[in-house]
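So you can see what is in the structure, the chains are spelled out below.
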Amino acid sequence: MEESKPRKRLAAVLVAVAVLLGAGAVLIGASTRAPDAAATASIAAANTGASVNVPAAEPVSERPVPATASDARNLRTCSVSALAADPRLADFQAQVVNASTGEVLFDRGGDTSSRTASVLKVLTSAAALEVLGPDYRATTTVVTGSTPGSVVLVGGGDLTLTRLPTGTESVYPGAAHVDELARQTLAAWRANPANPPITSLVLDASFFGGPGWEPSWDELERNAGSMPDVTALQVDGDRDDPSRQSSSRSADPVGRAGAAFAAALGGGVSVSVGTAPAGAEQLAAARSQPVSVLIGQSLIVSDNTLAEMLARLVAVESGAGNTFGALQESVVAALDAYGIDTTGIIIRDGSGLSDDNAVPPSYLTRLFVKINARDGDLGVIFDGLPIAGGPTGSLSYSDRFTGDNAVADGAVFAKTGWIDTGYTLSGIIRAADGTPLTFAVYALGDVSDNAKQALDTITAGFFRCGDNLSNS
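Each value, and the rule that gives it
Every chain's residues receive numbers from 1 upward, in the order its sequence appears when written. Selection of residues for local features in this predicted model requires a pLDDT of at least 70, selection of side-chain atom pairs for listing and counting requires 80 or more, and totals for whole chains, interfaces and linings are taken over all residues. Think of the side-chain values as coming from all heavy atoms in the structure, minus any hydrogens and water. What makes two strands pair is DSSP finding at least two bridges between them. The secondary structure listing takes helices from DSSP runs of H or I that are at least 4 residues long and strands from runs of E that are at least 2 residues long, numbered from the N terminus. To get an axis, fit a line to the C-alpha atoms, keeping to the stretch in contact for a helix; angles then go from 0 to 180 degrees between the N-to-C directions. Whether two residues are in contact is decided by their heavy atoms: any pair within 4.5 Å suffices. For classification, angles of less than 35 degrees are called roughly parallel, those exceeding 145 degrees roughly antiparallel, those between 65 and 115 degrees roughly perpendicular, and all remaining angles oblique. In the scheme used here, Gly and all other residues not listed as nonpolar or charged are polar, with Ala, Val, Leu, Ile, Met, Phe, Trp, Tyr, Cys and Pro taken as nonpolar and Asp, Glu, Lys and Arg as charged. By convention a nonpolar core is built from buried Ala, Val, Leu, Ile, Met, Phe, Trp, Tyr and Cys residues, the set being connected through side-chain atoms within 4.5 Å. For every residue, the accessible area (1.4 Å probe, protein chains only) is compared with the maximum for its type, and the residue is labelled buried under 20%, exposed over 50%, or partly exposed between those bounds. Salt bridges are identified by distance alone: a Lys or Arg side-chain nitrogen within 4 Å of an Asp or Glu carboxyl oxygen. We call two N or O atoms a polar contact when they sit within 3.5 Å, provided that within protein one can donate a hydrogen and the other can accept it, with sequence-adjacent residues counted only if both atoms are side-chain atoms. Disulfide: a pair of cysteine sulfur atoms within 2.5 Å of each other. Expected span of a helix, by definition, is 1.5 Å for each gap between consecutive residues, and there is one gap fewer than residues.

Colleague: How should the sheet that holds strand S5 (residues 200-204) be read in this particular structure?
Modeller: Consider a sheet: its strands pair through backbone hydrogen bonds, and that pairing is either parallel or antiparallel. The five strands lie next to each other as S6-S5-S4-S3-S7, forming an open sheet whose pairing is mixed. Edge positions in the sheet fall to strand S6 (270-273) and strand S7 (282-287), since each of these pairs with one other strand and no more. Geometrically, the sheet is characterised by an average inter-axis angle of 20° between neighbouring strands, direction not taken into account. As defined by bridge partners, strand S3 (residues 139-144) adjoins strand S4 (residues 150-154) across four bridges and the pair is classed as antiparallel. By the bridge assignment for S4, Val 142 is matched with Leu 153. Contacts from helix H5 (residues 178-190) reach S3, S4 and S7, with the element oriented near 160° to S7. Where helix H7 (residues 253-264) meets the sheet, it contacts S3, S4, S5 and S6, and its direction lies at approximately 145° from that of S5.

Colleague: Please clarify how the packing of helix H4 (residues 120-131) against helix H8 (residues 291-301) should be interpreted in this entry.
Modeller: Two packed helices can be described by the angle between their axes and the distance between those axes. Here H4 crosses H8 at 180°, and the two axes come no closer than 11 Å. When the axis of H4 is compared with that of H8, the two are roughly antiparallel. Here Lys 121, Val 122, Ser 125, Ala 128 and Leu 129 of H4 lie close against H8, whose contacting residues are Val 291, Ile 295, Ser 298 and Leu 299. Looking at the contact of H4 with H8, its residues break down into six nonpolar, two polar and one charged.

Colleague: Is there a simple way to think about the nonpolar core in this case?
Modeller: It is characteristic of soluble globular proteins that their nonpolar side chains tend to be buried jointly. Core analysis: the largest hydrophobic core is formed by 60 residues, its most contacted members being Leu 123, Tyr 363, Leu 367, Ile 371 and Ile 381. Counting residues per element, the ones that place at least two in this core are H4, H8, helix H9 (304-318), helix H10 (327-336), helix H11 (361-372), helix H12 (379-384) and strand S10 (436-444). Counting residues in each nonpolar core, the second largest holds 32 residues, with Val 96, Ala 414, Ala 431 and Phe 439 among its members.

Colleague: For this particular structure, what's the right way to read the pattern of salt bridges?
Modeller: Pairing is possible between side chains of opposite charge, provided their charged atoms come close. With the rule as written, the count across this model stands at 15 salt bridges. The salt bridge partner of Arg 76 is Glu 103, with a shortest N-O separation of 3.1 Å. With Arg 76 in the loop between helix H2 (37-48) and helix H3 (81-84) and Glu 103 in the loop between strand S1 (91-98) and strand S2 (104-108), the pair connects residues that are 27 residues apart, well separated along the chain. By relative accessible area, which is 16% here, Arg 76 ends up buried. Here Asp 383 ties to Arg 374 by a salt bridge, and the two come within 2.8 Å at their closest N and O atoms. Where salt bridges share partners, they join Arg 76, Glu 103 and Asp 467 into one cluster.

Colleague: Honestly, the side chain of Asp 238 in this entry has me stumped. Any pointers?
Modeller: Inspection of the secondary structure puts Asp 238 in the loop between helix H6 (220-223) and H7. Side-chain polar atoms of Asp 238 contact the side chain of Arg 256, separated by 2.8 Å. Non-local contacts of Asp 238, meaning those with residues more than four positions away in its chain, are made with Pro 228, Ser 248, Arg 249, Ser 250, Asp 252, Pro 253 and Arg 256.

Colleague: Please clarify how the state of the cysteines should be interpreted in this entry.
Modeller: By definition, a disulfide is the covalent link that joins the sulfur atoms of two cysteine residues. A full pass over the atoms with the stated rule returns one disulfide. In this model, Cys 78 is linked to Cys 465 through a disulfide, with the two sulfur atoms separated by 2.0 Å. Across the S-S bond of Cys 78 and Cys 465 the torsion is about -65°, and the bridge reads as left-handed. Of this pair, Cys 78 sits in the loop between H2 and H3 while Cys 465 sits in helix H13 (residues 451-465); the two residues are 387 residues apart in sequence, bridging distant segments of the chain. What makes Cys 78 partly exposed here is its relative accessible area of 22%.

Colleague: What is the right way to look at H4 in this model?
Modeller: Spacing of three or four residues puts side chains on the same side of an α-helix, whose turn is 3.6 residues. If you check H4, its first and last C-alpha atoms are 17 Å apart, about what 12 residues at 1.5 Å a residue would give, namely 16 Å. Of all 12 residues that make up H4, 10 are buried, and the element is covered over most of its length. What H4 keeps buried is the set Leu 120, Lys 121, Val 122, Leu 123, Thr 124, Ser 125, Ala 126, Ala 127, Ala 128 and Leu 129. For H4, the secondary structure elements touched by its buried residues are H8, H9, H10, H11, H12 and strand S8 (412-419). Note on H4: the residue one or two positions beyond its end, Gly 133, has a positive phi of about 85°.

Colleague: Got a minute to help me understand the environment of Ile 198 in this structure?
Modeller: With respect to the helices, strands and loops of the structure, Ile 198 is situated in the loop between H5 and S5. A residue is classified by how much of its surface remains accessible, and Ile 198, at 13% relative accessible area, is buried. Sequence separation of Ile 198 and Pro 148 is 50 residues, and the distance between their C-alpha atoms is 8.1 Å. When neighbours within four sequence positions are excluded, Ile 198 is seen to be in contact with Gly 149, Val 151, Thr 185, Leu 186, Trp 189, Leu 265 and Val 269.

Colleague: Looking at this model, I keep getting lost on unusual backbone geometry. Mind explaining?
Modeller: Negative phi values dominate among residues other than glycine, just as trans dominates among peptide bonds. The omega torsion across Gly 210 and Pro 211 is 0°, close enough to zero to call that bond cis. Structurally, the position occupied by Pro 211 is in the loop between S5 and H6. The backbone of Ala 117 shows a phi angle near 55°, a positive value even though the residue is not glycine. Counting through the fold element by element, Ala 117 comes out in the loop between S2 and H4. Classification of Ala 117 as buried rests on a relative accessible area of 1%. Phi is positive for Arg 374, close to 60°, though the residue is something other than glycine. Along the chain, Arg 374 turns up in the loop between H11 and H12. Take Arg 374: its relative accessible area is 40%, and that puts it in the partly exposed class.

Colleague: Before we go on, may I ask you to explain the sheet that holds S8 in this structure?
Modeller: Spatially, the five strands line up as an open sheet ordered S2-S1-S10-S9-S8, and their pairing is antiparallel. Every other strand in the sheet has two partners, leaving S2 and S8 as the edge strands with one partner each. The sheet shows a mean angle of 5° between the axes of neighbouring strands, taken without regard to direction. This element, H11, spans S1, S2, strand S9 (422-430) and S10 of the sheet and lies at about 150° to S10. Across the sheet, H13 touches S1, S2, S8, S9 and S10, and the angle it forms with S9 is around 25°.

Right under this line is the structure:
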């Protein structure tokens, strides 16, 4: 049957549309196919600097570029999250930094200030190096008294002065000896024929102010033999036994020092407490080991006595005062000199015995970056740090870095810390991949002695991971 005219018109329209669609498909195919020969020749010519007979391209505006390009970051895959969840760590805080780049690799409350226990001795040492310098020595002197036959023993803050006879070392090798100070005194006194015999000894401990015991300290520390009253005049850190690191301390360090000196003078002298007269003639002097040595002796076995001695000397020499109350101002001001933000740092003592001390792990990791680089005099601290598996010090004990954790022996240089409410560890790791890391780990709150092993375990984890340490 013949089609009607409307049907013919519709067919014609459909044919025209098909033609147009086909042409569009050809054009689309041309835009997506491989470059033709002319285009290839153009690219080749551009690479060789040759000229080709092709139309010039329209100029294209450049895309904006950030003023500072972002560094490419490694995708780190070594996780210690399971170790960080160990219940022995209780309230866990930590930070780990790549000491070469300054990049924070791992962080758990790193900017939160918390008690540090004996890790605080690192800050005390850094403050002492800044204010006192590595060569400073504390000096005990003897001067003439205000009455005939009187001499005054003046404490200069040397808590290491020993009553053991010359030739015998106390727990502080190289310490000055009371008998030598007495020998000098008698020689100078007898050099003046007009002097009568010495019959009176006055003890001057006014260089440090009281109280000698920080109120937040546990009295157990005195009885257990780890802490004396802080006085400017004392002998052997006021130990009952000068040859033992842990030895009971007395309630009168100044009196013990006076008795030792009176005996060395030959006895027969009265002993009282007072102050030296202004302008008195000096008869004798005995100097401590330099600060550089005292820091090493303090850090390696975590000696509280030396740490408090250094902290108090920092306060006095900085002009802040001579009491515990002066430590916040003097120590923090000294730490500011290292160019690290000291926000949140609270200093109540020099040893870390107080629960009221507070330091964020992030301050420690950044300070240890400088210690690792031996900036200024800070290499003194590095040299005094205990070493995991080392021959001496608080990381050489039989309960530290044992079993699988021994993989980090010789590679962890760190200060230990312990009080009833926390265990801490902070220092430098030479990681398995060669990366130097600085770290601080705190286990706080309801903790027991096994927190030490948990801290060792996660530290060994940092060692294994190195720069591949993940924050997740």
